[in-house]
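Next come the chains, spelled out residue by residue.
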Amino acid sequence: MKVSIDQTKCAVCGSCVAICPEVFEMKDNGTVDVKDEFKGVDIPQELVEKVKEAQSMCPATAIVIEE
Ligand code: SF4
């Protein structure tokens, strides 16, 4: 399962970072994004549920999951 953030939708609320800081982070340029180490690669199994929770809690439906 891969995850990305649609930057055109993200409202930078920080919710995903609070729920799953292992995968999401606030960047120096003021955006929130998937950490570089998790871009374009499968999320480790133990983090999948947290990523799904972050997606379900995102107020902007900006978190995109690909199975
Ligand atoms: S929860 Fe959604 S809107 Fe909030 S920072 Fe994360 S991706 Fe952006």
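Here's a quick rundown of the structure. What you see is a predicted model; the values in this text were computed from it and never measured. (Residues numbered from 1 in each chain as written. Predicted model: local features only at pLDDT ≥ 70, side-chain atom pairs only at ≥ 80, totals over all residues. Heavy atoms only, no water.)

### Some thoughts on the overall build of the protein chain
A count of helical and extended segments in the protein chain gives two helices and four strands. In the protein chain, the succession of helices and strands from N to C terminus is β-α-β-β-α-β. Its C-alpha atoms give the protein chain a radius of gyration of 10 Å, within 12% of the compact-globule value 11 Å for 67 residues. Dimensions of the protein chain along its principal axes, counting C-alpha atoms only, are 30 × 20 × 20 Å. Counting contacts in the protein chain only where the partners sit at least 6 residues apart, residues at least 24 apart contribute 57% of the total. Across the protein chain, the centroid of the 7 positively charged side chains sits 2 Å from that of the 13 negatively charged ones. (Helix = DSSP H or I, 4+ residues; strand = E, 2+ residues; numbered from the N terminus. Rg over C-alpha atoms; globule rule 2.2 N^0.38 Å. Contact = heavy atoms within 4.5 Å. Lys, Arg positive; Asp, Glu negative; His and termini not counted. Charge placed at Lys NZ, Arg CZ, Asp CG, Glu CD.)

### Describing the nonpolar core
Judged by nonpolar contacts, the single largest core of 21 residues is most densely connected at Val3, Ile5, Val23, Phe24, Ile43, Val51 and Ile63. Sorting the residues of this core by element identifies strand S1 (2-5), helix H1 (15-19), strand S3 (32-34) and helix H2 (45-57) as the ones contributing at least two each. With four residues, the top contributor of residues to this core is H2. Apart from residues no more than four positions distant in its own chain, Ile5 is found in contact with Cys10, Cys16, Phe24, Val32, Asp33, Val34, Ala62 and Ile63. (Core = buried A, V, L, I, M, F, W, Y, C linked by side-chain atoms within 4.5 Å. Buried < 20%, exposed > 50% of the residue type's maximum accessible area, 1.4 Å probe, protein only.)

### Notes on the site of the ligand
Around the ligand sit 14 residues in total, of which Cys10, Ala11, Cys13, Cys16 and Cys58 are the nearest. Using a 2 Å cut-off from the grid points, one finds that the ligand occupies the largest cavity. When grouped by side-chain class, the residues that make up the shell around the ligand number 12 nonpolar, two polar and no charged. (Near = heavy atom within 4 Å. 1 Å grid on protein atoms, 1.4 Å probe; cavity = no way out; pocket = protein on both sides within 12 Å on 5 of 7 lines; lining within 4 Å. Sits in = over half its atoms within 2 Å of the grid points. Nonpolar A, V, L, I, M, F, W, Y, C, P; charged D, E, K, R; others polar.)

### Section: the environment of Val12
On the secondary structure map, Val12 appears in the loop between S1 and H1. Considering only alpha carbons, one finds Val12 and Val32, 20 residues apart in sequence, at a separation of 5.9 Å. Residues contacting Val12, with those up to four places away along its chain left out, are Met26, Gly30 and Val32.

### Let's talk about the environment of Glu66
Structurally, Glu66 can be placed in strand S4 (residues 63-66). Ignoring sequence-local partners within four residues, the contact set of Glu66 consists of Met1 and Lys2.

### What about empty space enclosed by the protein?
The tally for this structure, following the rule as stated, stands at one cavity of 30 Å³ or more. Considering only enclosed or pocket space, the largest cavity measures out at about 100 Å³ in volume. Cys10, Cys13, Cys16, Cys58 and Pro59 are the residues nearest the centre of the largest cavity, which is lined by 15 residues in total. When its residues are assigned to classes, the lining of the largest cavity shows 13 nonpolar, two polar and no charged. (Points joined across faces, edges and corners; volume = space filled by probe spheres on them.)

Fair warning: the whole summary comes from geometry, so function is off the table for now.
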